[in-house]
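Structure assessment
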Number of protein chains: 2
Amino acid sequence: MSTRSIPAARYEDRLGRAQALLPAHDASALLIGVGAELQWLTGYAAHALPRLTMLVIPSRDRSSLVVPRLELAAARECTAVHAGLIDLITWEETEDPFELVARLLDESNSRPEIQLGALGGAWGRLGGLLVSDRLWATFLLRLQAVVPDAAFGLASTVLSDLRAIKDSEEVELLRTAAHAADRAITRVATGRLIGRTEADIAAEVRERLVAEGHDEAAFWIVASGPNSASPHHEPGERVVQSGQPLLLDIGGRIEGYGSDITRTFWVAGDGYGGPTDEYRHLYDVLQRAQATGTQSVKPGVPAEDVDTAGRRVIEDAGFGPNFIHRTGHGIGLEGHEDPYIVAGNERALVVGNAFSIEPGIYIDGRYGARIEDIVVCGPSGPDTLNEAPRELVVVRGT
Amino acid sequence: MSTRSIPAARYEDRLGRAQALLPAHDASALLIGVGAELQWLTGYAAHALPRLTMLVIPSRDRSSLVVPRLELAAARECTAVHAGLIDLITWEETEDPFELVARLLDESNSRPEIQLGALGGAWGRLGGLLVSDRLWATFLLRLQAVVPDAAFGLASTVLSDLRAIKDSEEVELLRTAAHAADRAITRVATGRLIGRTEADIAAEVRERLVAEGHDEAAFWIVASGPNSASPHHEPGERVVQSGQPLLLDIGGRIEGYGSDITRTFWVAGDGYGGPTDEYRHLYDVLQRAQATGTQSVKPGVPAEDVDTAGRRVIEDAGFGPNFIHRTGHGIGLEGHEDPYIVAGNERALVVGNAFSIEPGIYIDGRYGARIEDIVVCGPSGPDTLNEAPRELVVVRGT
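Worth saying up front: this structure is predicted, and the values here are computed from it rather than measured.

1. Points about the overall build of chain A
- On a plain count of helices and strands, chain A comes out with 12 helices and 18 strands.
- Computed over the C-alpha atoms, the radius of gyration of chain A is 24 Å, within 12% of the 21 Å expected from 2.2 N^0.38 for a compact globule of 398 residues.
- Over its C-alpha atoms, taken along the principal directions, chain A stretches across nearly 80 × 40 × 35 Å.
- For chain A, the proportion of its 398 residues judged to be buried stands at 60%.
- A fraction of 66% describes how many contacts in chain A between residues 6 or more apart in sequence connect residues 24 or more apart.
- Surface accessibility of chain A: about 14900 Å² in total, with carbon and sulfur atoms responsible for 49%.
- Across chain A, the mean location of the 37 positive side-chain charges is 3 Å away from that of the 56 negative side-chain charges.

2. Considering the domain arrangement of chain A
Residues and elements named next belong to chain A.
- The domain architecture assigned to chain A consists of domain 1 (8-163) and domain 2 (165-395).
- The C-alpha centroid of domain 2 is placed 36 Å from the C-alpha centroid of domain 1.
- Taking the shortest distance from any N to any O, the salt bridge between Arg14 and Asp167 comes out at 2.8 Å.
- Connecting domain 1 to domain 2 are 13 residue pairs in polar contact (both at pLDDT 80 or more).
- Counting residues per element, the ones that place at least two in the side of domain 1 that touches domain 2 are α1 (8-21), α2 (36-42) and α8 (156-163).
- Per-element tally for the side of domain 1 that touches domain 2: the top contributor is α8, with 4 residues.
- A per-class count over the side of domain 1 that touches domain 2 returns 3 nonpolar, 2 polar and 5 charged.

3. Quick notes on the nonpolar core
- Residues A:Val131 and B:Val131 are the most contacted members of the largest nonpolar core, which totals 52 residues.
- Setting aside chain neighbours within four positions, we find B:Val131 in contact with A:Ala137, A:Leu141, B:Leu31, B:Leu140, B:Leu143, B:Phe152, B:Gly153, B:Leu154 and B:Ala155.
- Core analysis: the second largest hydrophobic core is formed by 43 residues, A:Ala46, A:Cys78, A:Val158 and A:Ala177 among them.

4. Details of the relation of the copies chain B and chain A
- Note on the copies: chain B fits chain A at an RMSD of 0.0 Å, the axial shift is 0.0 Å, and the rotation between them is 180°. The operation mapping one copy onto its partner corresponds to a two-fold rotation axis. When C-alpha distances to the rotation axis are compared across chain B, the minimum falls at B:Trp136, with a value of 2.5 Å.
- Here 100% of the contact residues of chain B are again contact residues in chain A; the copies associate through an equivalent surface.

5. Examining the side chain of A:Glu358
Residues and elements named next belong to chain A.
- Tracing the backbone shows Glu358 in the loop between β13 (354-357) and β14 (360-363).
- A residue is classified by how much of its surface remains accessible, and Glu358, at 9% relative accessible area, is buried.
- A distance of 2.9 Å separates a polar atom in the side chain of Glu358 from a polar atom in the side chain of Ser356.
- Among all residues touching Glu358, those that are not within four sequence positions of it are Asp249, His325, Arg326, Thr327, Gly328, His329, Arg370, Ile371 and Glu372.

6. Focus on the sheet that holds strand β2 (residues 54-58) of chain A
All names here are of chain A.
- Strands sit in the order β4-β3-β2-β1-β5-β6 across an open sheet of 6 strands; the sheet is mixed. Each edge of the open sheet is held by one strand with a lone partner, namely β4 (87-91) and β6 (152-154). For this sheet, the mean angle separating the axes of adjacent strands, direction not counted, is 25°.
- Here 4 bridges tie strand β1 (residues 27-32) to strand β5 (residues 128-131), and the two strands are oriented parallel to one another. Considered in β5, the bridge of Ala29 is made with Leu129.

7. Some remarks on the sheet that holds strand β3 (residues 64-68) of chain B
- One open sheet holds the 6 strands; their spatial order is β4-β3-β2-β1-β5-β6 (chain B), and the pairing between them is mixed. Looking along the sheet, the strands with just one partner apiece sit at the ends: β4 (87-91) and β6 (152-154) of chain B. For this sheet the average axis-to-axis angle between neighbouring strands, irrespective of direction, equals 25°.
- The sheet strands contacting helix α7 (residues 137-146) of chain A are β5 (128-131) and β6 of chain B, and the helix crosses β6(B) at an angle near 135°.

8. What to know about the environment of B:Cys78
- Among the structural elements, B:Cys78 can be located in the loop between α3 (72-76) and α4 (79-82).
- Every residue in contact with B:Cys78, bar those within four places of it in the chain, is listed here: B:Thr42, B:Gly43 and B:Tyr44.

9. Details of the pairing of β5(A)
Residue and element names in this part refer to chain A.
- In β5, alternate side chains face the same way, and those of Gly128 and Leu130 on one face and Leu129 and Val131 on the other are all buried.
- Here β5 pairs with β6 via 3 bridges, running parallel. Among the inter-strand pairings, Val131 is bridged to a residue of β6, identified as Leu154.
- Each parallel crossover has a hand, and the one from β5 via α7 to β6 is right-handed.

10. A short note on helix α7 (residues 137-146) of chain B
- The buried fraction of α7(B) is high, at 7 of 10 residues.
- The complete set of buried residues in α7(B) reads B:Ala137, B:Thr138, B:Phe139, B:Leu140, B:Leu141, B:Leu143 and B:Gln144.

11. Points about the confidence of the model for chain A
- Residue-level pLDDT values for chain A average 92, and 94% of them are 70 or greater.
- Scored as a complex, the prediction yields pTM 0.85 and ipTM 0.84.

12. Digging into the packing of helix α11 (residues 277-295) of chain B against helix α12 (residues 303-316) of chain B
Residue and element names in this part refer to chain B.
- Packing of α11 against α12 brings their axes to within 8 Å, and their N-to-C directions diverge by 160°. In terms of axis orientation, α11 runs roughly antiparallel to α12. At the point where α11 passes α12, the crossing takes the right-handed sense. Along its contact with α11, which presents Val285, Leu286, Arg288, Ala289, Thr292 and Gly293, the element α12 presents Val306, Ala309, Gly310, Val313 and Ile314.
- Its residues placed into classes, the contact of α11 with α12 shows 7 nonpolar, 3 polar and 1 charged.

13. A closer look at the packing of helix α1 (residues 8-21) of chain B against helix α8 (residues 156-163) of chain B
Residues and elements named next belong to chain B.
- Where α1 contacts α8, the axes come no closer than 10 Å and their chain directions differ by 140°. Relative to α8, the element α1 lies oblique. In the packing of α1 onto α8, the handedness of the crossing is right-handed. Between α1 and α8, the contacting residues are Arg17, Ala18 and Leu21 on the first element and Val158, Leu159 and Leu162 on the second.
- Residues of the contact of α1 with α8, tallied by class, amount to 5 nonpolar, no polar and 1 charged.

14. Focus: unusual backbone geometry
Residue and element names in this part refer to chain A.
- The amide bond that connects Asp338 to the next residue, Pro339, takes the cis arrangement and shows omega of -5°.
- Tracing the sequence through the fold places Pro339 in strand β12 (residues 337-341).
- Notably, Asp26 is not glycine yet its phi reads approximately 55°, a positive angle.
- Take Asp26: it is sitting in the loop between α1 and β1.
- Note on Asp26: relative accessible area 46%, which makes it partly exposed.
- Within the chain, Asp61 stands out as a residue other than glycine whose phi angle is a positive 70°.

15. Section: the pattern of salt bridges
- The tally for this structure, following the rule as stated, stands at 58 salt bridges over all chains.
- Three or more residues are tied together by salt bridges with common partners; here these are A:Arg10, A:Arg14, A:Asp167, A:Glu169 and A:Glu170.

16. Overview of the interface of chain B and chain A
- Between chain B and chain A, the residue contacts involve 40 residues of the former and 40 residues of the latter.
- When the area that chain B buries against chain A is broken down by residue, the three leading residues are B:Leu70, B:His232 and B:Glu234, summing to 16%.
- Inspection of the chain B/chain A interface yields 0 salt bridges.
- Across the chain B-chain A interface, the total number found is 13 residue pairs in polar contact (both at pLDDT 80 or more).

The rules behind these values
- Residues numbered from 1 in each chain as written.
- Chains lettered and ligands numbered in written order.
- Predicted model: local features only at pLDDT ≥ 70, side-chain atom pairs only at ≥ 80, totals over all residues.
- Heavy atoms only, no water.
- Helix = DSSP H or I, 4+ residues; strand = E, 2+ residues; numbered from the N terminus.
- Rg over C-alpha atoms; globule rule 2.2 N^0.38 Å.
- Buried < 20%, exposed > 50% of the residue type's maximum accessible area, 1.4 Å probe, protein only.
- Contact = heavy atoms within 4.5 Å.
- Areas by Shrake-Rupley, 256 points an atom, 1.4 Å probe, with all protein chains shown as cover.
- Lys, Arg positive; Asp, Glu negative; His and termini not counted.
- Charge placed at Lys NZ, Arg CZ, Asp CG, Glu CD.
- Domains from an automatic or database assignment.
- Salt bridge = Lys/Arg side-chain N within 4 Å of Asp/Glu carboxyl O.
- Polar contact = N/O pair within 3.5 Å; in protein donor to acceptor, adjacent residues only side chain to side chain.
- Nonpolar A, V, L, I, M, F, W, Y, C, P; charged D, E, K, R; others polar.
- Core = buried A, V, L, I, M, F, W, Y, C linked by side-chain atoms within 4.5 Å.
- Least-squares fit on C-alpha atoms with pLDDT ≥ 70 in both.
- Pairing = 2+ DSSP bridges.
- Axes fitted to C-alpha atoms, helices over the stretch in contact; angles between N-to-C directions.
- Right-handed = clockwise from strand over helix to strand, strands pointing away.
- pLDDT = per-residue confidence, 0-100.
- Parallel < 35°, antiparallel > 145°, perpendicular 65-115°, else oblique.
- Left-handed = near helix turned anticlockwise from the far one by under 90°.
- Buried area = accessible area lost by both parts, 1.4 Å probe.

What follows is the structure, encoded as structure tokens:
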């Protein structure tokens, strides 16, 4: 995926802020492999490959992007390289890229003002090497072998807070993705459902996510009847029937930025297969909880308070034990990232935070429901990106 | 994705063989996170999540699958759990799953006959903990913290050789995927191409891969004109024109098993935009190299000899410096796995190895070509899974 919506000045700003934070984290470098962090810092949406690609951000001087020669053409097109913000260093098939990274670290570390070699264990003294959170074990173990005295930590300790505040281009990408997901979920739910397997509907979800504007589909939970009581149900061979709920939790990516929407429909069929009073009650509680959580969003509110606000509605109705997960997760270049809307997260929301609000009520063996929107924390309250109706929509499914 | 084609007996066999190999590798346990290795061992095609899912295979006794409670319903449906081959252990949101894994290791390690505690550094003495190769750094660093005396290594040292030999069900999944990719690439190439951007054609590739039977599309290289000289080109806004080559390198997955095919077409248009003699010559050399590599496949032949066989054809024609990558890679639940068809890999091919043969010739700034098939090493020679024509196909593209 290209990242054409994000201008070079953003990457310059991000690289500068990340580097400036290293001393405060007692870190001497960031070592960023392929993934969301690399894309956020450089615009390089690289493929995950067994050959090492690594952005080395030292605590001073210029950063370097180490790539296998085979990836040279792709790497030099990324915004940060193209704009001359970072150096590009290629390695040949006969070279050891880990030794190359170690040399880059040595060079930036051999400047007199930060050299601690005489004391031994320079890296330990100097502070940690912070690797991207999803760097593969195969890479991390090799790095640990070539820089044996270093203390290794996670780059997210520096980057998460920065990435959790979306700039205006990122919010617009999230909004575009959300609207595409709104259209996809509505089209799937208003089509034929009864007599089709979950897996078949899931295939339609994937196609519609792309047809409505996503670069790719990312996930496609289709849970019918009792399967709706399983939060992460894998669509299977169960055939959708009338008189039962159908939960869709779907998302895709546009330029790397994700959509993530959940709606629970009631499939009524042609006869009278409408929802039971019991289910209507459950759904009503859930919808009020989701709205209450959303309305609690504003700058300065601890993330956990958003969880509490909605959860209390569910608890007060006696469904507390049936809401078995946190309220939400941040979203951006990763489907799950900071801030997490969960008990224990006391961090205050700030303008630009983007996250899901997705309470659920699950009655094991019978049915469940979940409603999920992506919400951005605006200056005075929530900016809800999704626009699909949140009421219990009864569909015929025929 | 479900893995319904692989029977429980296969998983029992795989788990048993992996465990039996641990002592010879001086390893006390395998710690397998979400990914291809987990699916190969259990049939569990889990989603990659920030919450830890880990299969713990000790050197003796039963293995345990540690999953977050939220994933219970999905995990218990996987074949190995369903068939009672492994224990399922869930952890609650308030628990530390890494401590849980450490306790499991302690239990299997506290049996008198293998206890070394009195000597200290028991884990170091006992041998390594072998983690799945793509385990995220965030998980590995936590494991290293809770079992500080252990020597960590890669599970691939045990599993790669096992996984590289495909059983009959795996070969049939690869064949089904290959044929779906054959149809997809042919349909895309014989449709309208001229005037469309690479990105637009890539979107069609993704749709066709799924329409032809893949569960999902995995990659979609579309490289036109001079971009065909970049092996891993990212499809962009370049508009396809007549009188130029178009390289498609595409693949998807069926029940986790991948397809991977490359064909290079010549887009002629309505006038005379046929290939130049120079390009015909280049392509002819390449096709002979690809055929020669394929024909060299049989049990007992070192993997590097397959690379050499095709490469020599290219070198003899003077294109040696323009073939800038290895000949191929294994394929199965991962798009790139053992065996690698590359200089230096002296391992002999065995029946059931499945890998790509994909030489390429790249003239920087002008054009390139690559031909790729997936080939299985049969008892007496190559079993080529792909069936799309390998000749230089000239398409109108209008």
